[in-house]
Structure formats: structure tokens, C-alpha cells
Amino acid sequence: MHTFLMPTLGADMEAGTLVAWHKRPGDVLRRGDSVAEVDTEKGVIDVEVFVDGVLAEILVPPGRKVPVGTPLATIHEAGGGVAVAALDSRAGQAEHPAHAAPETGEERPHEAGVLPVPQAPVPQPPGPVAPYAPGLDLLGRLRISPAARRRARELSVDPRAVSGTGPSGAITIADVERASTAAAPAPAPGPPPMAAPEPAATVPADRLERMRRTIAAAMSRSKREIPHYYLATTIDMHRATAWLDAANARRPIERRLLPGVLLLKATALALREVPELNAAWDQGHVVPKDQVHVGVAISLRQGGLVILALHDTATRSLDDLMDGLRDLTARARAGRMKSSELSDSTITVTSLGDRGVERVYGVIYPPQVAIVGFGKIVDRPWAAGGGLFVRPVVTATLAADHRVSDGHRGGIFLDAVDRLLQEPESL
Amino acid sequence: MSVSAEAAREAIVRILGGIAPEANLATLDPEANLRRELDLDSIDFQNFLIALSRDLSIDIPERDISSLTTLAGCVRYLQGR
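What this report covers is the structure whose coordinates are included nearby.

What counts and what doesn't
- Residues numbered from 1 in each chain as written.
- Chains lettered and ligands numbered in written order.
- Predicted model: local features only at pLDDT ≥ 70, side-chain atom pairs only at ≥ 80, totals over all residues.
- Heavy atoms only, no water.
- Phe/Tyr/Trp six-rings, centres within 6.5 Å; stacked < 30°, edge-to-face > 60°.
- Helix = DSSP H or I, 4+ residues; strand = E, 2+ residues; numbered from the N terminus.
- Buried < 20%, exposed > 50% of the residue type's maximum accessible area, 1.4 Å probe, protein only.
- Expected span 1.5 Å × (residues − 1).
- Arc of directions from axis to C-beta.
- Contact = heavy atoms within 4.5 Å.
- Pairing = 2+ DSSP bridges.

1. Observations concerning the packing of aromatic side chains
Logical step 1: Tallied over the full model, the rule gives three aromatic pairs over all chains.
Logical step 2: Between the aromatic rings of Phe4(A) and Trp21(A), the centroid separation amounts to 6.3 Å while the plane-to-plane angle is 55°, which identifies the pairing as tilted. With Phe4(A) in strand β1 (residues 2-5) and Trp21(A) in strand β2 (residues 15-21), this pair connects stretches of sequence that are 17 residues apart. Exposure class is identical for Phe4(A) and Trp21(A). Each is buried.
Logical step 3: For the ring pair Phe45(B) and Phe48(B), a centre distance of 5.9 Å and an interplane angle of 35° mean the geometry is tilted. On the criterion of helical spacing, the pair formed by Phe45(B) and Phe48(B) is a turn pair, its members being three residues apart in helix α3 (residues 42-55).
Logical step 4: Note on Phe48(B): relative accessible area 0%, which makes it buried.

Written out as C-alpha cells, the structure is:
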């Protein structure tokens, strides 16, 4: 039996609201099928399943907001495979034992009336759903300082199971540490100090505010924990742009390639030469990634941004990547994304586009270990072969994690990006 | 097939409304740069051109894109097709 969990859709996500189920118990599931919709501050996400099987039981009805890692459904796997499978490793939750105390009566009110509640009858869960992941309760519901919340995460303590001794019952670092050393099972949690439910997630202004908060949390963590180093180089783009112009002259508008897709492909291929930049940092260790899924930073029209994986960036054709990039951008702006796109990226590329600036220094998106930035392509004087020319150039930057790589290797990476862009026909 | 100014404008506004739903297109200066006014990135703009090409059944070659930077320019270009 496979347990289908509320996935973590990016480092900054703590909880999501189950909006609708696309499948019913008894339905056959194929790897990659979208089985449910989850509402987050980034929009409504199609959550995919990563096993083949049959949907057995739905545990969380539409309208309920649950923390990351909460079991949403059970699946009978095809072929009776190993019990805990792919989705869990992607979500990074399988390693955590279900240690949290059973929750009693803390069921969230259904946020019906403001959410697009589906009509299909859905079985009620057999009992209260136990929270699963440590320290991942909804932001602001507990009186707990960020430092204590962080400590709780480090110690795998569920902050809701901690009784606070600070002002107004606030949970302190000492409380967390005391709870951590207390013998299991943890005491049943009392009612949350702040009983008012969070406002529903459908008001754009509210979503924007929550998105700002989650971006702030992820970027603060990045700046606090990751020892960044920064490199920049200027790349002659005349071969790449001439090749693009010639290719586009023969193409109908819907097959037109944008320079950004060359930059993404060159980045992905350069990672083969410096693979340590394509990795995740997980609790003190670097975890290399075999596949290259470049995350594309996409700004949203009302503010905020999302980083979505353009899967298998190194092995797809430019045409295929261009289609993928257009599709990702349109769906990101429409708030229709897939869970794998939010959780799979192994490195990020940020490009402020052709109306932007010449140079962007990125902030690494945890748990990644590098971010590559491209400015706009501009004409500049360029000396080559003893002559002076006007050439289109782009400034490529790298911000990378010193725990994993050094400037020397980062420099080799940017040099490889440059070299690849001099042979655009090979991309 | 020729496109009337009215039909061209209607198609442009409808497509832009899908790409930039928050924009007030009624007050858009016809001579202003569309990409700057509506904060369209290169992919938004390409999606705009693709939709225009599809909805009006016209081919938009690469060399013509420079004529399509403003609302008035788009209307003129489409009328001439």
C-alpha cells in the first residue's frame, strides 16, 4: 500500500488546501496522472502521482487545509511493489517517521463557500488525520518564534505538541528542547493558542501577501544558511543570435525560438562538466542529482514569482524546450501548475528578459546549491582577433554554495556555458 | 482576406486581455509600446503573436514583428494583410 502525501511544492511551502479530487476510489492511476488539486499561495497545483496502481481510499476531503506530509490517500500499487515509493522521496517526507501525536478535534473547518468546492461526493476520512511532518503547522497559528520553530524542525519536534512557557503561552527554544528529550509518546496537543482559522486562500491580495511571506522565508533561509559566492562573465552572443535569426526566418511564428531557450540549454549541458552544481543540500550533506531539471524563475503579473522545472533540460531539443517554456510560463501566470514542476528543479536560471537589466545576481533557492543569472542581450564594443567590433553580448552570473563548490569550479562552469553558446547549432 | 480595423482591434484586445488580465486596455495609448505598457516579457509577446496569427489566420513572418510594437501599429499591420 502506497500512501499519497501532501507534497512539498517548493522549500517555502508549509501547508496546502485540498481543492478537488480528479480520481475516485477504484480508479486506475498511472505514474504522472494528476490525482488532486491543491491550493497554495502559488496558485492551484495539479498534484501528480508517481506510482502505478489503484486509488484505494481518500483520506482528506476537499476544502481542508493540511500540513505538508499529511497522508491524502492510499493507493494499491500495481504489481505489489515496495510499500513506500517515489512520491515520498520527492516530497522528502518519507524519512520522517510518523511520530506526531494523534490529533484530537483540531480539524479545520471546511473553507466551503470561498473555495471552488467540487460536487463529486467524497468519502469522509475514517478519523481525524494525524499531522505528519514536524514543525510544519500553518504560519502564525502558534505563538512560537522563528528561532524556536527552526529548533523544533532540527529536533523533529511538532511545535503543536509543545506546551509553551513564554509570554502568553509562547513556545520558546527551551520548551522545544524539553519536548524533544521527553519520552515518547508526545503529549496530546492542546488547542492552538490562536483559535481563529486562517482566512481562505482565494483572494488574490491575500495570496500575494502569503506568497511574499513564503518567498521571504525561503530567501531569508538561503541568505542565512548558504555561504554564497558570486561570479560573472560576459559572453559574446553574435554566433548565437545570428544562428537564431537564420533559424527563425524560416519558421512560422509558433515555432520561433527565443534566445532564452539557448541559454537554458547551454546551462543544462554545461552542468555535465561541473555536475556538483546540479545538486541539493540536505541536512549537512550534498545530494547529487543525476538528471538536470532546470528551474525557470517566472515572475507573476500581480507580483511574486515561482520557480518551475523544465524537465530533462539537457536532453530535449530546442523546439521541445521552447514549447515547454511557453507552456510553463502561461500556466504559471494562470495559476495552473503541476506538483512535479514545483518540486523537481535541480538548479535555477533567472533571466530578467530583454527589457530588464544587464546583470542579475541570484539568491540560491534552497535546497539547491546554485543559481545562474542572465541579463539582457545588449550591443557592446568587443575586441576579438586584434579588431574591435560591435557585438551582442550577455552577462552570465553564477551564485553558488561554497559548502559544495568553489570559485574555480564555478568559473569552469561559466566558461563551459560560454563555449557552448559559440556553437549554437550543437545545442 | 483583409481584416477590418474593428475586427483587428477586437482580436488584439481580446488576446491581450487573456495575457494581461489586470490591464485596463480601454485606456491604453494606441501609440505606446505594448510590451512596456503592459509589462509583457518576450514569451508573453510571442504568445500574443501566436494567438493573433491563429485567430486571424495570417502568417506573421519574423521580419514583420517590428511593425507590431504598438496597438495602432498592430491594427495597421493587420488591416494591410
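2. A short note on helix α5 (residues 238-249) of chain A
Working note: α-helix, 3.6 residues per turn, so residues spaced by three or four point in the same direction.
All names here are of chain A.
Logical step 1: Over its 12 residues, α5 extends 16 Å from the first C-alpha to the last, a length consistent with the 16 Å expected when each residue adds 1.5 Å.
Logical step 2: Of all the residues in α5, the buried ones are Ala240, Thr241, Leu244, Ala247 and Asn248. Angular distribution of buried residues about the axis of α5 spans 130°; they occupy a single face of the element.
Logical step 3: Lining the buried residues of α5 we find α6 (259-270), β18 (387-401) and α9 (407-421).

3. Looking at the environment of Asp12(A)
Residues and elements named next belong to chain A.
Logical step 1: The topology assignment puts Asp12 in the loop between β1 and β2.
Logical step 2: Sequence separation between Asp12 and Pro275 is 263 residues, and the spatial gap between their C-alpha atoms is 25 Å.
Logical step 3: Apart from the residues within four sequence positions on either side, Asp12 is in contact with Glu41, Lys42, Thr214, Ile215, Ala218 and Tyr365.

4. Some details on the sheet that holds strand β8 (residues 71-77) of chain A
For sheets, the rule is that strands pair by backbone hydrogen bonds, running either parallel or antiparallel.
All names here are of chain A.
Logical step 1: Reading across from one edge, β1-β8-β6-β3 is the order of the four strands in this open sheet, with antiparallel pairing throughout. The open sheet has two edge strands, β1 and β3 (28-29), and neither has a second partner.
Logical step 2: As defined by bridge partners, β1 adjoins β8 across four bridges and the pair is classed as antiparallel. Of the residues in β8, the one forming a bridge with Leu5 is Pro71.

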